[in-house]
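Notes for the structure review
Letter by letter, the chains look like this.
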Amino acid sequence: QVQLVESGGGLVQPGGSLRLSCAASGSIFSINTMGWYRQAPGKQREFIAVITNGGSTNYADSVKGRFTISRDNAKNTVYLQMNSLKPEDTAVYYCYVEQIEGRYWGQGTQVTVSS
């Protein structure tokens, strides 16, 4: 089993920034992709960003140019730098990692963008 611990969520004003972190531990053999989803109240969970073990990235159109995903393979950690935050970015953010046997999810961290 792989455990994921997220941190960095909170309350921020519109236009502000936050950096989310997600550290993986446990039965880690070879992590392939790492990424982030989010779920706003009353909505389905949606894809935000992904990064491969080779460093290739992909983003949802709604966050492209504002969010940046990165990873530190030595620390088994994935990050999400969020800039120019908008009220519509308010959601619970979930990280995930994928190994050959499947995908593991974090517990979620709340991000609230409000004045």
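This text goes with the structure placed above it.
Now for a quick tour of the structure.

The rules behind each value
- Residues numbered from 1 in each chain as written.
- Predicted model: local features only at pLDDT ≥ 70, side-chain atom pairs only at ≥ 80, totals over all residues.
- Heavy atoms only, no water.
- Core = buried A, V, L, I, M, F, W, Y, C linked by side-chain atoms within 4.5 Å.
- Buried < 20%, exposed > 50% of the residue type's maximum accessible area, 1.4 Å probe, protein only.
- Helix = DSSP H or I, 4+ residues; strand = E, 2+ residues; numbered from the N terminus.
- Contact = heavy atoms within 4.5 Å.
- Salt bridge = Lys/Arg side-chain N within 4 Å of Asp/Glu carboxyl O.
- Pairing = 2+ DSSP bridges.
- Axes fitted to C-alpha atoms, helices over the stretch in contact; angles between N-to-C directions.

**Some remarks on the nonpolar core**
In this structure, W36, L80, M82 and Y93 are the most contacted members of the largest nonpolar core, which totals 30 residues. Of all the secondary-structure elements, those providing two or more residues to this core are β1 (2–7), β3 (18–26), β4 (34–39), β5 (46–51), β7 (67–72), β8 (77–82), β9 (91–99) and β11 (109–113). Once residues lying within four places of it in the same chain are set aside, the contact partners of M82 are G16, S17, L18, L20, R66, F67, Y93 and V111.

**A few points about the pattern of salt bridges**
Taken as a whole, this structure holds five salt bridges when the rule is applied. Here R66 ties to D89 by a salt bridge, and the two come within 2.8 Å at their closest N and O atoms. Of this pair, R66 sits in the loop between β6 (57–59) and β7 while D89 sits in the loop between β8 and β9, placing them 23 residues apart in sequence. In this structure, a network of salt bridges that share partners links the residues R38, E46, R66 and D89.

**Concerning the sheet that holds β3**
The sheet built from four strands is open, its strands ordered β1-β3-β8-β7 with antiparallel pairing. Since the sheet does not close on itself, it has two edges, and those belong to β1 and β7, each with one partner. For this sheet, the mean inter-axis angle between neighbouring strands, taken without regard to orientation, is 15°.

**What about the pairing of β8?**
The element β8 is largely enclosed, with a buried count of five among its six residues. Where β3 lies against β8, six bridges are found, and the strand directions are antiparallel. Its bridge partner lying in β8, L20 is registered against L80. As defined by bridge partners, β7 adjoins β8 across six bridges and the pair is classed as antiparallel. Across the sheet, the residue bridging to F67 is M82, located in β8. In this antiparallel pair of consecutive strands, β7 and β8, the connection spans four residues, and N76 shows a positive phi of 50°.

From the geometry alone we can't say anything about function, so treat these as descriptive.
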